[in-house]
Amino acid sequence: MDTVITPERIELPPGAVLKLLGDWKDYQVLSQQLGDRSSPRIKYRPGEILLMAPLPEHGRDASLLADIAKVLLDHLNRAYESFTPITMSLPEISGIEPDFCFYIENCRAVVGKKRIDWESDPPPDLAIEIDVTSYTDINDFLPYRVPEVWILKSNRLLIYRLQGESYVLTESSYFPNVREIVQQCLQMANEQTTSEVIRWLKNFLHGQQ
């Protein structure tokens, strides 16, 4: 597949990342053109627009990581709301599309909401990104002040937490030993289905009680 960017079509081959010069208006035009399509993904930073066509492993790993988070939250008896796909945007400043977002501490603030106002509503408590093509940058989350961000890169879970005006690599504030759990699940997913991996995780957690 060739790369095609016209007023009628936007097509990128799987795994491609394209950087364009553009302003907020250009980003809005491209976003409207893409509509509800899951590919390519689109991101805005001041002065530039990035397009990325996910590889199949991107969606598989995003689904697995989100399922792990849900199992852990259920195990801890935590209430939550999860969103995917979701577009976060601040006019003239930023536009991003995390793979998954979880509201945990602030879940009651978004119950039943059809739209989230990123200028007035609280940010997600946890965002999840799969970075296969070096498209993800932790600093893209700074304008939204998301407290915790997980980035899976090269089969390694990187956990960032917001401290002041920057993100630092640390441990999860919600799940102890989550990196070890994710690593085990990823290894199992090389030979087993996602359903089998999640079933194992539920049994493992039950045995820890």
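Numbers given for residues are sequential positions, taken from 1 along each chain in its written order. Totals for whole chains, interfaces and linings use all residues, but because this is a predicted model, local features are given only for residues with pLDDT of at least 70 and pairs of side-chain atoms are given and counted only at 80 or more. In computing side-chain values, all of the structure's heavy atoms are included and hydrogens and water are not.

- The name given to the protein in an unreviewed UniProt entry is Uma2 family endonuclease, with Nostoc cf. edaphicum LEGE 07299 as the source organism.

## Focus: the sheet that holds strand β11 (residues 148-153)
Okay, step 1: Strands are treated as partners if at least two bridges between them are detected by DSSP. Helix and strand assignments come from DSSP, with helices taken as H or I runs of at least 4 residues and strands as E runs of at least 2, each series counted from the N terminus. In spatial order, the strands read β6-β9-β10-β11-β12-β13; together these six strands make up an open sheet with mixed pairing. The outermost strands of the open sheet, each flanked by one partner alone, are β6 (81-83) and β13 (166-169). Across the sheet, the axes of successive neighbouring strands diverge by a mean angle of 25 degrees, strand direction being ignored.
Okay, step 2: Taken together, the three bridges between strand β9 (residues 100-103) and strand β10 (residues 126-131) define a ladder with antiparallel strand orientation. Bridging across to β10, F100 finds its partner in I128.
Okay, step 3: The strands touched by helix α3 (residues 178-189) within the sheet are β11 and β12 (156-163), with β12 carrying the most contacts at an inclination of about 150 degrees. Helix axes are fitted to C-alpha atoms over the stretch in contact, other axes to C-alpha atoms as well, and angles between N-to-C directions run from 0 to 180 degrees. Contacts between residues were defined by any pair of non-hydrogen atoms, one from each residue, lying within 4.5 Å.

## Section: helix α4 (residues 194-208)
Okay, step 1: With 15 residues, α4 extends 21 Å between its outermost C-alpha atoms, agreeing within 8% with the 21 Å of an ideal straight helix rising 1.5 Å per residue.
Okay, step 2: Under the scheme applied here, a residue whose accessible area is under 20% of the maximum for its type counts as buried, over 50% as exposed, and between as partly exposed, the area being computed with a 1.4 Å probe on protein chains only. V197, I198, L201 and L205 are the residues of α4 that are buried. Seen end-on, α4 carries its buried residues on one side only, within an arc spanning 95 degrees. Among the exposed residues of α4, those oriented more than 90 degrees off its buried face are N203, H206 and G207. What a helix should span is 1.5 Å times the count of its residues minus one. When we speak of the arc, we mean the arc of directions from the helix axis to the C-beta atoms.

## Some points on the packing of aromatic side chains
How two aromatic rings sit relative to each other is given by the distance of their centres and the angle of their planes.
Okay, step 1: A pair of aromatic rings is counted whenever rings of Phe, Tyr or Trp (Trp by its six-membered ring) have centres within 6.5 Å, and the orientation is called stacked for planes under 30 degrees apart, edge-to-face for over 60 and tilted otherwise. Taken as a whole and assessed by the stated rule, the structure comprises 10 aromatic pairs.
Okay, step 2: Plain terms: the ring middles of Y80 and F102 are 5.9 Å apart, the flat faces sit at 55 degrees to each other, and that makes the pair tilted. Placement of the pair is Y80 in the loop between α2 (56-75) and β6 and F102 in strand β9, with a sequence separation of 22 residues.
Okay, step 3: Residue Y80 is classed as partly exposed on the basis of its relative accessible area, which comes to 24%.
Okay, step 4: Both rings, one in F100 and one in F102, keep their centres 6.4 Å apart while their planes meet at 20 degrees; by these two values the pair is stacked.
Okay, step 5: Judged by its relative accessible area of 0%, F102 is buried.
Okay, step 6: Grouping aromatic residues by their ring pairs yields a cluster made of W24, Y27 and Y44.

## Thoughts on the packing of α3 against α4
Okay, step 1: Viewed as axis vectors pointing N to C, α3 and α4 meet at an angle of 145 degrees, and their least axial separation amounts to 9 Å. Between α3 and α4 lies a crossing whose hand is right-handed. Here I181, Q184, C185, M188 and A189 of α3 come into contact with α4, specifically with V197, W200 and L201.
Okay, step 2: Under this grouping Gly is polar, as are all residues other than the nonpolar Ala, Val, Leu, Ile, Met, Phe, Trp, Tyr, Cys and Pro and the charged Asp, Glu, Lys and Arg. Considered class by class, the residues forming the contact of α3 with α4 number seven nonpolar, one polar and no charged. Crossing handedness is read from the near helix: turned anticlockwise from the far helix by less than a right angle, it gives a left-handed crossing, and turned clockwise, a right-handed one.

## Thoughts on the side chain of R41
Okay, step 1: For R41, the position within the fold is in strand β4 (residues 41-45).
Okay, step 2: Of the polar contacts made by the side chain of R41, one reaches the side chain of D99; its length is 2.8 Å.
Okay, step 3: Residues contacting R41, with those up to four places away along its chain left out, are L50, L51, M52, P54, H58, E97, P98, D99, E129 and Y135. Counting of polar contacts relies on pairs of N or O atoms within 3.5 Å, with two restrictions inside protein: one atom must be capable of donating a hydrogen and the other of accepting it, and residues adjacent in sequence are counted only when both atoms are side-chain atoms.

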